[in-house]
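Chain by chain, the residues run as shown.
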Amino acid sequence: MTRALTLAAGLALALAGPARAQSLPDLVTTDALRVCADPGNMPFSERQGDGFENRIAAILADELKVKLRYYWLTQGPGFVRNTLGSGLCDVIVGSAFGTELVQSTNPYYRSTYVLVSRPGTFPGLTGLDDERLKGKPIGVIVGTPPVERMGAVGLVPTMKPYPPYQFDPSRKHQTVSAEIVADVAAGKLDAAVLWGPAAGWLAKEAGRQAGKEASKETGKEGGLDVVPLLREPDRPPLAYRIAMGVRHGENEWKRVLNTALRKRQAEIEAVLRDYAVPLLDEEENKLLPAERKP
């Protein structure tokens, strides 16, 4: 008897009937939610379970009434091949909707790139075409979509490129994004253009540390400014829908996850807000209201 015929009770219920349950691919473990994740990629995931993708995975496991298990691997080339592709896990919690490497569930949030700067450096800034950015050192990760846009508005000459991955075990910061935000806080950069779901939390953490020093003089703790880039052209896109990634062909598993995502959407959104993720309207480049009506 294959694994697909021995579904755990919770997952069987999620599939709404034994006939549909039996169509799950053999590779999907049915008594646990096996998540592929990076053990040191805050604010997304961490071995201690502190990331927002860890919390979202826990919500899904609760909905499916199964245990939560992780297969840990540092993000980098070959991540999908060595996680989903190897059959050691069954879902990647955060994946750009429509990427060819995986089959996407329905997207469960939409976000955008942001500009991070020290408080008061660029008051009123709304886009990368702001003339005050010209000639300023601005950090960005090589190969990310904002690089093309920065070239179009003349910011490349003083752009400070950072490598996309950081594998040195002696590194000071857990991720490249964390290093860039720390450099903004320290005054090594005037600004940075980063993926919003990473930058929001990192800026808050860096600002909290910097604010401890500021509070000695002002009595108030400060934070870094984070401006969602909502006015940029559609090409290159700076706003993306985020889904979960599963193996191609596992259509029934995708439907199970879609059902769970839909049922627990309000809780998932609350987690994202807890981590300062800029949440956009599904279609328009505008932020969702702070409190959404049911």
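Just so you know, these numbers come straight off a predicted model, no measurement behind them.

Thresholds applied
Residues numbered from 1 in each chain as written. Predicted model: local features only at pLDDT ≥ 70, side-chain atom pairs only at ≥ 80, totals over all residues. Heavy atoms only, no water. Helix = DSSP H or I, 4+ residues; strand = E, 2+ residues; numbered from the N terminus. Buried < 20%, exposed > 50% of the residue type's maximum accessible area, 1.4 Å probe, protein only. Contact = heavy atoms within 4.5 Å. Pairing = 2+ DSSP bridges. Right-handed = clockwise from strand over helix to strand, strands pointing away. Axes fitted to C-alpha atoms, helices over the stretch in contact; angles between N-to-C directions. Parallel < 35°, antiparallel > 145°, perpendicular 65-115°, else oblique. Left-handed = near helix turned anticlockwise from the far one by under 90°. Expected span 1.5 Å × (residues − 1). Disulfide = S-S within 2.5 Å. Core = buried A, V, L, I, M, F, W, Y, C linked by side-chain atoms within 4.5 Å.

Trainee: Got a minute to help me understand the side chain of Ser117 in this structure?
Mentor: Relative to the helices and strands, Ser117 resides in strand β7 (residues 109-117). Residue Ser117 is classed as buried on the basis of its relative accessible area, which comes to 3%. Excluding anything up to four places from it in sequence, Ser117 contacts Phe122, Val184, Asp190, Ala191, Leu224 and Asp225.

Trainee: I would appreciate a short explanation of the pairing of strand β9 (residues 159-162) in the present structure.
Mentor: Residues in a regular strand project their side chains so that they alternate between the two faces of the sheet. The sheet contact formed by strand β8 (residues 138-141) and β9 spans four bridges and is parallel. Each bridged residue has a counterpart across the sheet, and for Ile141 the counterpart in β9 is Tyr162. Note that the unit made of β8, helix α5 (residues 146-152) and β9 has a crossover that is right-handed.

Trainee: Would you take a moment to explain the packing of helix α3 (residues 52-64) against helix α9 (residues 265-274) for this structure?
Mentor: Two measures define how a pair of helices packs: the angle their axes make with one another and the distance between the axes. Direction vectors running N to C along α3 and α9 enclose 165 degrees, while the axes themselves pass 10 Å from each other. When the axis of α3 is compared with that of α9, the two are roughly antiparallel. Seen along the crossing, α3 lies across α9 with a hand that is right-handed. In this structure, α3 uses Phe52, Arg55, Ile56 and Ile59 to contact α9, whose residues at the interface are Glu267, Ile268, Val271, Leu272 and Asp274.

Trainee: Help me out: how do you make sense of α3 in this one?
Mentor: Each full turn of the α-helix corresponds to 3.6 residues, which orients residues three or four apart in the same direction. Taking 1.5 Å per residue, 13 residues should reach 18 Å; α3 reaches 19 Å between its end C-alpha atoms and fits that length. Of all 13 residues in α3, ten are buried, a share of seventy percent or more. Along α3, the residues that are buried comprise Phe52, Glu53, Asn54, Ile56, Ala57, Ile59, Leu60, Ala61, Glu63 and Leu64. Following α3 by one or two positions, Lys65 has its phi on the positive side, about 60 degrees.

Trainee: What exactly am I supposed to notice about the state of the cysteines here?
Mentor: What makes a disulfide is a covalent bond joining the sulfur atoms belonging to two cysteines. Per the stated rule, a full pass over the model turns up one disulfide. A sulfur-sulfur separation of 2.2 Å characterises the disulfide bridge that pairs Cys36 with Cys89. Its S-S torsion of approximately 110 degrees makes the covalent link between Cys36 and Cys89 right-handed. Taken as a pair, Cys36 in strand β1 (residues 32-37) and Cys89 in the loop between α4 (79-82) and β5 (91-96) lie far apart in primary sequence, 53 residues in all. Using a relative accessible area of 3% as the deciding quantity, one classes Cys36 as buried. Overall, the relative accessible area of 0% leaves Cys89 in the buried class.

Trainee: When you look at the nonpolar core in this model, what are you seeing that I'm missing?
Mentor: The nonpolar side chains of soluble globular proteins are, as a tendency, buried together. Core analysis: the biggest nonpolar cluster contains 70 residues, and Leu33, Phe52, Ile56, Tyr108, Leu115 and Leu128 have the highest contact counts within it. The dominant element in this core, judged by the number of residues it contributes, is α3, at seven residues. Membership of the second largest hydrophobic core comes to seven residues, among which are Cys36, Val80, Leu84 and Cys89.

Trainee: Explain the environment of Leu128 to me, please; I cannot follow it from the model alone.
Mentor: With respect to the helices, strands and loops of the structure, Leu128 is situated in the loop between β7 and β8. On the basis of relative accessible area, Leu128 is assigned to the buried category, the value being 0%. For Leu128 and Glu232, which are 104 residues apart along the polypeptide, the C-alpha to C-alpha distance reads 7.5 Å. If near-sequence neighbours (up to four positions away) are discounted, Leu128 is found in contact with Leu115, Leu133, Arg149, Met150, Val153, Leu155, Val193, Leu229 and Glu232.

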